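One letter stands for each residue in the lines below.
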Amino acid sequence: MTIEFSIPNGSMRICAEEFFKGAGMAKIRRMFKMLQESGIDDSRRQEILVWLRDQASKMHRCAEYWAERYVDGFTEYKESEVQYERLKSPCYAEFTQDKEALKAAREKVAFAKREALASKSEYQQAKKMRDRYQKSIDILVEVIK
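Quick notes on the rules
- Residues numbered from 1 in each chain as written.
- Predicted model: local features only at pLDDT ≥ 70, side-chain atom pairs only at ≥ 80, totals over all residues.
- Heavy atoms only, no water.
- Helix = DSSP H or I, 4+ residues; strand = E, 2+ residues; numbered from the N terminus.
- Rg over C-alpha atoms; globule rule 2.2 N^0.38 Å.
- Buried < 20%, exposed > 50% of the residue type's maximum accessible area, 1.4 Å probe, protein only.
- Contact = heavy atoms within 4.5 Å.
- Areas by Shrake-Rupley, 256 points an atom, 1.4 Å probe, with all protein chains shown as cover.
- Lys, Arg positive; Asp, Glu negative; His and termini not counted.
- Charge placed at Lys NZ, Arg CZ, Asp CG, Glu CD.
- Core = buried A, V, L, I, M, F, W, Y, C linked by side-chain atoms within 4.5 Å.
- Phe/Tyr/Trp six-rings, centres within 6.5 Å; stacked < 30°, edge-to-face > 60°.

Chemist: Which residues make up the overall build of the chain, and what values go with them?
Modeler: For the chain, the helix and strand inventory stands at four helices and two strands. Along the chain, helices (α) and strands (β) appear in the sequence β-β-α-α-α-α when read from the amino end. Whereas a compact globule of 145 residues would reach a radius of gyration of roughly 15 Å, the chain reaches 24 Å, over 25% beyond that. The C-alpha extent of the chain, read off along each of the three principal axes, is 75 × 25 × 20 Å. Within the span of the chain, comprising 145 residues, buried residues form 32% of the whole. The contacts in the chain between residues at least 6 apart in sequence include a share of 69% that link residues at least 24 apart. Total accessible area on the chain is roughly 9,500 Å²; 50% of this is exposed by carbon and sulfur atoms. One way to put it: in the chain the 28 positive side-chain charges average out to a point 5 Å from where the 24 negative ones average out.

In structure tokens form, the structure reads like this:
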């Protein structure tokens, strides 16, 4: 979505996707104030509001997906870690001195841990973006009444 409005020296076009990803709350507030001063009509304000709500909803669904992936990945990580410990310890029936089997089990643990951490990172990023869009909605409603 492109947001266009006039400024004292001409006009400004902002790519909303990129702007909201990188801008801080102060810059978002400033942009909305400049939008207000340029004489935004109600239909354009509603269009921006609907777009922000759609983006917040999309990020919410994305965060839910990554949260589920993280739980599954963390469970797999813990299970593979327990299995590896059983392979190493002579106290368990699964004990082995086969270096290849131990190496494969160790690699499985490392892979599961990387997957779980990657999912957690994606979840945190999606949650951050959802919160950013929600705060932007609040600012838009506050600034443009």
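Chemist: How would you explain the nonpolar core if you had to name every residue and give the values?
Modeler: Ranked by internal contacts, the top residues of the largest apolar core, which has 25 residues, are Ile3, Phe20, Phe32 and Leu52. Listed by contribution, the elements that provide at least two residues to this core are strand E1 (2-7), helix H1 (16-22), helix H2 (25-37), helix H3 (42-88) and helix H4 (99-143). Discounting residues that sit within four places of it in the chain, Ile3 has contacts with Met12, Arg13, Ile14, Ala16, Phe20, Met31, Leu35, Arg44 and Ile48. Counting residues in hydrophobic clusters, the runner-up holds seven residues, among them Tyr77, Tyr84, Ala105 and Val109.

Chemist: Requested: an account of the packing of aromatic side chains, with residues and values cited.
Modeler: Applying the stated rule across the entire model yields eight aromatic pairs. With a centroid separation of 6.1 Å and 40° between ring planes, the pair formed by Phe20 and Phe32 is classed as tilted. One end of the pair, Phe20, is in helix H1; the other, Phe32, is in helix H2, and 12 residues separate them in sequence. By relative accessible area, which is 0% here, Phe32 ends up buried. Ring geometry for Tyr65 and Trp66: centres 5.0 Å apart, planes at 75°, overall edge-to-face. Judged by its relative accessible area of 41%, Tyr65 is partly exposed. One aromatic cluster is present, formed by Phe19, Phe20, Phe32, Trp51 and Tyr133 through successive ring pairs.

Shape is all these values report; function is a separate question.
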